[in-house]
Every structure is written in structure tokens, then in C-alpha cells.
Amino acid sequence: MTRPVILTGDRTTGPLHVGHYAGSLANRLKMQDDHEQFLLLADAQALTDNAQDPARTARNVLEVAMDYLAVGIDPARSTICLQSHLPALAELSMLYLNFVTVARLERNPTIKDEIRARGFGRDIPAGFLCYPAAQAADITGFRATVVPVGADQAPLIEQTNEIARRINAVAGAEVLPEARAVIPEAGRLPSVDGTAKMSKSGGGALRLSAAPDEIRAAVRAMFTDPGHLRIEDPGRVEGNVVFAWLDAFDPDKAEVEALKARYRAGGLGDGAIKKRLEEILQALLAPIREERARLARDPGHVTRVIREGTERARARTEATKDAVTAALGLFRL
Ligand code: TRP
């Protein structure tokens, strides 16, 4: 029996944080047994908003790979590969750019948000505007049907499927499968200060490799309900970062609901919910931190894992490129 194929990835712009864990790593871990999983270190896509600092995207390839391995991605079951070393993906990207309009790219909600967040103004790098076509190449290049990602990525999967349908229509055959995004129910994890989503570069994030005192400090600083001044006052759960994180990380959902009810009614202090969250985070992150430290002492091993994964991925993506150019009827020499 063939397992459904997963392709997902991360830009190599910095080490991953607990938002990535809640957003997609936990799903990837859960799915690695009954799926054929490919994890893409998206160093080429990372260049689309880091062209001034290519060394950053290179430096973080091993960081992200170590994060994958440390959370429990098993290279015997999942394939970790490097985007810039898979030329078929670049070739498919160029082809796909002919099946999408500039207006459609500009309307993509993820792209719109990111353009605003990065303050590009009118000076949008062309590679950045076009990266949804490259992401379509990533997903379809592996013939993936399942894409575990954070909610912010959903419009990119939609655009991937549009491109796949156009290619199939021109080819007159189902040469590319459509894919579906797998998004966590809890929604996006808010940053520690409650202002935004966590970014790899910005504040408000908690790295997967955070030390115990960093975990403690992050939970202490966490935004709750500024109107909840005394323990006996009723408190707000909506917009309260501690509860958002409990929703994401506390395995005892019934207990979290009971705590929310007590907090709303009054009589439950911020100290108590923060203590619970800190214990959960310390227990979650301790083994990850230890495994990561072990991997950091053996970068040669991590590099070998990526090299072997990239070889496997190369064969697969080349086959897709050949299938697409053949189905489109391009001239063959
Ligand atoms: N866009 C993703 C990010 O910003 C990275 C990525 C590249 C990706 N290619 C992908 C995600 C394919 C899912 C599928 O981190």
C-alpha cells in the first residue's frame, strides 16, 4: 500500500520556536508513520526576503534541521532535503509562473500580509512576489497531497491547487495532484506579549532550544488580562496569551476548560495559570533542548542526513518535472 505524500517546509531564516511546534511540527510528528513525509529546508525561498544577507539563510540550514531532528522527526521515516539543491523545483517554478498572473499574486492574502509586515512599500523583490509559484513547485514537485502548515500558509496551498488545475487543463491529463493543508485547530499561537505572531527574528518568540530560565522569563512576562487586578476579580480568557498557550500545549483539555471557567468567574490568579503553563513547557522542551545540544556537537551527522535526503528528493522531483514537460508537450531532443 502506498502512503499519502506529505511535503512541508520552513524558510531557513532562524531556529524554530514553539509557534512552529504548535503550528505544524506536532502534526508532522503525528503523521510521519502513516505518510511518506518530505521536509524541505527552504533556503531558496528564504532568500526572497533575505537577499541582502544570504549567509543568514545558509547558517540556519543546520539550525532548522537540528530542530526537526530534536523534536523527533526520524530520518529513517521522513526525508529532510535542501531546496536550493533540487534544480527541478526551480525549473518547475519558472514553468508555473506562466500559469499565474501578477494580479493574482498581489491578491494572495499571505503575500499581502507579508509585504505589509516587511515594509517593502513599492520595492517588492520580484522573487518575493512570485514565491507562491515556487511553493507550488515544492508541493507538486513531490506530488504531495497533504501539507501540514500554520494557518497563515493556507492561501499558498489554494494558489498551488489553482496552478495545478491550470496545468492539468492545458495538458489534458491529471499530471499534478491537488493538495490539502492540515492546520491545527487551536489556531495561531500568539506571541508572549500578545501583539503579533511570533517571528524567527523578532521578539515575543520562545525558541525550541530555550534554556529553563528563558522559559520561566517568557511565561512570567506573558500578557494576560490587564483588567484582572486581584485574584477574586473576574478575568478575560479571550486575548489572554496564557490560555492560548494552554490550549496549544496542555494535553488535559477538560482541565483547561475548567480553569477557564474559574478564571472567568473570579478566584483564579495569573500566578496559578502561569505556573501550570511553565511546568508544561519545561517538560515539553527539556528533551528537545538536550537532543539539540547532542546534535550540535555532531554537525557532520546532521549534514549527512540532509545530503542523503536531498539525493532521494532529487530523483523524485526530477521525475515530476519530466512528467510535467512531457504532459505539456514541450519539444524533446
Ligand atoms: N512558506 C514556508 C515558510 O514561510 C516555507 C515553505 C517553502 C513551505 N515551501 C513550502 C511550506 C512548501 C509548505 C510547503 O516557512
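What you see is a predicted model, and the numbers here were worked out from it, not measured in a lab. (Residues numbered from 1 in each chain as written. Predicted model: local features only at pLDDT ≥ 70, side-chain atom pairs only at ≥ 80, totals over all residues. Heavy atoms only, no water.)

This part is about the environment of aspartate 113. Mapped onto the elements, aspartate 113 comes out in helix H6 (residues 109–118). On the accessibility criterion, aspartate 113 (45% relative accessible area) is partly exposed. Once the C-alpha coordinates of aspartate 113 and aspartate 152 are considered, the two residues, 39 residues apart in sequence, prove to be 9.3 Å apart. (Helix = DSSP H or I, 4+ residues; strand = E, 2+ residues; numbered from the N terminus. Buried < 20%, exposed > 50% of the residue type's maximum accessible area, 1.4 Å probe, protein only.)

For any two aromatic rings, the description comes down to two numbers: the centre-to-centre distance and the angle of the planes. Considering all chains together, one arrives at five aromatic pairs under this definition. Arranged with centres 5.1 Å apart and planes meeting at 70 degrees, the rings of phenylalanine 120 and phenylalanine 128 form a pair that is edge-to-face. By the burial criterion, phenylalanine 120 is buried, and phenylalanine 128 matches it. (Phe/Tyr/Trp six-rings, centres within 6.5 Å; stacked < 30°, edge-to-face > 60°.)

We note that the domain assignment places domain 1 (5–189 + 299–327) and domain 2 (212–294) within the protein. Taking only C-alpha atoms into account, the centre of domain 1 sits 32 Å from that of domain 2. Contact with domain 2 buries area across many residues of domain 1, yet Val18, Ala70 and Leu189 alone supply 51% of it, more than any other trio. At the junction of domain 1 with domain 2, the criterion picks out two salt bridges. In this structure, arginine 292 and glutamate 63 form a salt bridge, with 2.7 Å as the shortest nitrogen-oxygen distance. Our enumeration of links across domain 1 and domain 2 arrives at two residue pairs in polar contact (both at pLDDT 80 or more). Those elements giving two or more residues to the side of domain 1 that touches domain 2 turn out to be helix H1 (18–31) and helix H3 (54–71). Per-element tally for the side of domain 1 that touches domain 2: the top contributor is H3, with six residues. (Domains from an automatic or database assignment. Buried area = accessible area lost by both parts, 1.4 Å probe. Salt bridge = Lys/Arg side-chain N within 4 Å of Asp/Glu carboxyl O. Polar contact = N/O pair within 3.5 Å; in protein donor to acceptor, adjacent residues only side chain to side chain.)

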